[in-house]
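# Descriptive structure summary
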Amino acid sequence: MSKRVLTTESGAPVADNQNSATAGVGGPLLLQDQHLLEKLARFNRERIPERVVHARGSGAYGYFEVTDDVTAYTKANFLGEVGKRTETFIRFSTVADSLGGADAVRDPRGFALKFYTEEGNYDLVGNNTPVFFIKDPIKFPDFIHSQKRDPFTGRQEPDNVWDFWAHSPEATHQITWLFGDRGIPASYRHMNGFGSHTYQWTNEAGEAFFVKYHFKTNQGIRSLSAEQAAELVGKDANSHQTDLLQAIERGVNPSWTLYVQIMPAAEAADYRFNPFDLTKVWPHADYPLQRVGRLVLDRNPDNVFAEVEQAAFSPNNFVPGIGPSPDKMLQGRIFAYADAHRYRLGVNHTQLPVNAPKATVADNYGRDGFMATRNGSRHDKNYEPNSYQGPAQTDAALSAPLAIHGWTGTHEAPQHAKDDDFFQAGELYRLMSEDEKKRLVANIAGSLSQVSREDVIEKNIAHFAAADADYGKRVREAVEALRED
């Protein structure tokens, strides 16, 4: 076999990759050494801006297989036949820390899934919790700023974290999840995933349903205590990445079973909770889980940068039969995610292999721009409509239309019968065993007791008490005990 020749970016052979060109032996470097300048300049540009949120992540390829007939609810082709398989790529992540952060920390986990369907890519962007801290996207930048490193101290500050939560009582439900036993997953394989948002499914007859996605791990739930997590971080800050990589390399392919909750669209208006509020769940007694299929991960990426860090998930990537709901957080993310990728990766990021469709071909009039690889030929027009057999619209809506009425303006979300910020947090607390309650209170108190302002502590304790009187009482006693030490 012939030896491969090292070349420059332009394809010219490299004569010497060990020594820079100099002005004589031991002399200064020469500006004309194109190979040296190209290597250094490219090295300086190897890293793109990290994600503002979900910076620290791991990914894997796999497939989704339909196990149950859901064609009564959606016309999505990839869900249209029992046994049908669709290639997928998933990215797991922490939320608040930077790219160099540790895996085993108390933080929600991103659960972003890309289906390479025959009708285009479908992106499902969720977390390992069924709810979130806020219900309106206008608060998202402020929330993330409160959780990220303080611009003065350069570290995460309990004062900032709890001060924001003190003024955001809707966060009480998610706080109860985060500081509970599942707040630090033992690995990505041992946690559930949720679409979290409410989405719309539409069937062939045009009937609309609202749905919530639940990916139940088939490995079983395993979580870490705060003490176990601290020990693990000290041994291997990349513990979740290590576990996922090694499991798949050994052929131990992790899997999840997908279930959905399905609500006929007509029932949404009178449901006891606002079904489009991201801080709320739909109790399973109201809308039971219905099995759809299974997700299996069976291949590691060959290049983490190219396939994990450049993977771009956008909740606006729908396929026929699936669409948005009036969920305000989803509506905000439909814009924000795609815009973030255009900033980080460029306007042509959808042409990167990990983001490009695999079971179909993207065919549109988007051309040119930074790093474009699909520019068309002299025969291809860049406008529509045209008389040159260019791609044309289908006139078939992807999903059912959403009814809109009322006056424009900045409105609070409509109140349903059981809509408050505390009821579901209290329900979650009361579901816990005595030992679970003790660990939850200890985890909250360990963080809240570090806050310097008494009024912030008092506001947060009041939220827990509003959820459940015993919950608030225990947190108060635990915080006071820690602050006396």
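Described in the following lines is the structure provided in the data block.

When its secondary structure is counted, the chain shows twelve helices and ten strands. Relative to the globule expectation of 23 Å for 485 residues, the C-alpha radius of gyration of the chain, 25 Å, shows essentially globular dimensions. Projected onto its principal axes, the C-alpha positions of the chain cover 80 × 65 × 50 Å. Relative to its full complement of 485 residues, the chain shows a buried share of 46%. In the chain, the proportion of contacts linking residues at least 24 apart, taken out of those at least 6 apart, comes to 74%.

Let's shift gears to the pairing of strand β7 (residues 208-217). Burial runs high along β7: eight of the ten residues are buried. With two bridges joining them, strand β5 (residues 193-194) and β7 adopt antiparallel strand pairing. Across the sheet, glycine 193 pairs through a bridge with phenylalanine 215, a residue of β7. Two strands pair when backbone bridges link them, and strand β6 (residues 199-202) and β7 are joined in this way by four bridges, in the antiparallel orientation. Along β7, the bridge assignment pairs threonine 202 with alanine 208. Here β6 folds back onto β7 in antiparallel fashion, the turn holding five residues, of which glycine 206 has a positive phi close to 85 degrees. Of the pairings in the sheet, the one linking β7 to strand β8 (residues 255-264) comprises nine bridges and is antiparallel in character. In the sheet register, lysine 216 faces β8, and the bridge partner there is threonine 257.

Thresholds, definitions, all that
Residues numbered from 1 in each chain as written. Predicted model: local features only at pLDDT ≥ 70, side-chain atom pairs only at ≥ 80, totals over all residues. Heavy atoms only, no water. Helix = DSSP H or I, 4+ residues; strand = E, 2+ residues; numbered from the N terminus. Rg over C-alpha atoms; globule rule 2.2 N^0.38 Å. Buried < 20%, exposed > 50% of the residue type's maximum accessible area, 1.4 Å probe, protein only. Contact = heavy atoms within 4.5 Å. Pairing = 2+ DSSP bridges.

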